[in-house]
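Commentary on secondary and tertiary structure
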Amino acid sequence: TSDHGEALGDHGLIQKGCRFYEGLTRVPLIFSWPRKFKQGLQAHGLVELLDMTATITELCGLAQPETMQGRSLTPLLTGDAPPDAFRDSVRCEYFDALDAFFTGGTGTFATMYRTDRHKLSVYHGHDLGELYDLQEDPWEFNNLWDDPGSQQLKHELICASFDSHV
């Protein structure tokens, strides 16, 4: 696995960086443990890097600390959990998410909140954001952030993102 993907020309961007497009955030995660994990299992549900820590901790037979934020993927890997319904949402953060050209040299803090259907990216303190309906727009070209018909959804996702953070 990796902590990020690469843009490779998506949206005119190269390498990694300041955005949360699928090519940057939805990266493969491969586990292998013959006779322990279900072979050939492919899951497309949402997981976070924090889940790797919880999984490895469990597999090592260690107690999960109370402060553990991740969820063990072991039930998913053994076939004891539905392969595409592990998390309802995921959240990630990026510090200095916009180039100094866009922020006047101040940098920024950005967060992404993603459900199975929607993705919300907020560039905090700059009144900038992105909102995509991934079912209708899987390539993330139609930013609904300023769309009048999407304001209720945007506010619901902002609140859900905040709630998941705290």
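Everything numeric here is computed off the predicted structure, so don't read it as measured data. (Residues numbered from 1 in each chain as written. Predicted model: local features only at pLDDT ≥ 70, side-chain atom pairs only at ≥ 80, totals over all residues. Heavy atoms only, no water.)

Observations concerning the layout of surface pockets
Here the second largest pocket defines a volume of roughly 260 Å³. Around the second largest pocket, the lining is made up of 13 residues, and of these Glu 22, Gly 23, Pro 138, Trp 139 and Glu 140 lie nearest the centre. Along the lines of polarity and charge, the residues of the lining of the second largest pocket split into five nonpolar, two polar and six charged. (1 Å grid on protein atoms, 1.4 Å probe; cavity = no way out; pocket = protein on both sides within 12 Å on 5 of 7 lines; lining within 4 Å. Points joined across faces, edges and corners; volume = space filled by probe spheres on them. Nonpolar A, V, L, I, M, F, W, Y, C, P; charged D, E, K, R; others polar.)

Comments concerning the environment of Lys 119
Summarising the element assignment, Lys 119 is placed in strand β3 (residues 118–124). Residue classification places Lys 119 among the buried residues on the basis of a relative accessible area of 1%. Residues Lys 119 and Phe 20 lie 99 residues apart in sequence; the distance between their C-alpha atoms is 8.8 Å. Contact partners of Lys 119, with chain neighbours within four places excluded, come to Phe 20, Tyr 21, Glu 22, Thr 25, Met 112, Tyr 113, Arg 114, Glu 130, Leu 131, Tyr 132, Leu 134 and Glu 140. Only 2.8 Å separates the side chain of Lys 119 from the side chain of Glu 140, close enough to count as a polar contact. (Helix = DSSP H or I, 4+ residues; strand = E, 2+ residues; numbered from the N terminus. Buried < 20%, exposed > 50% of the residue type's maximum accessible area, 1.4 Å probe, protein only. Contact = heavy atoms within 4.5 Å. Polar contact = N/O pair within 3.5 Å; in protein donor to acceptor, adjacent residues only side chain to side chain.)

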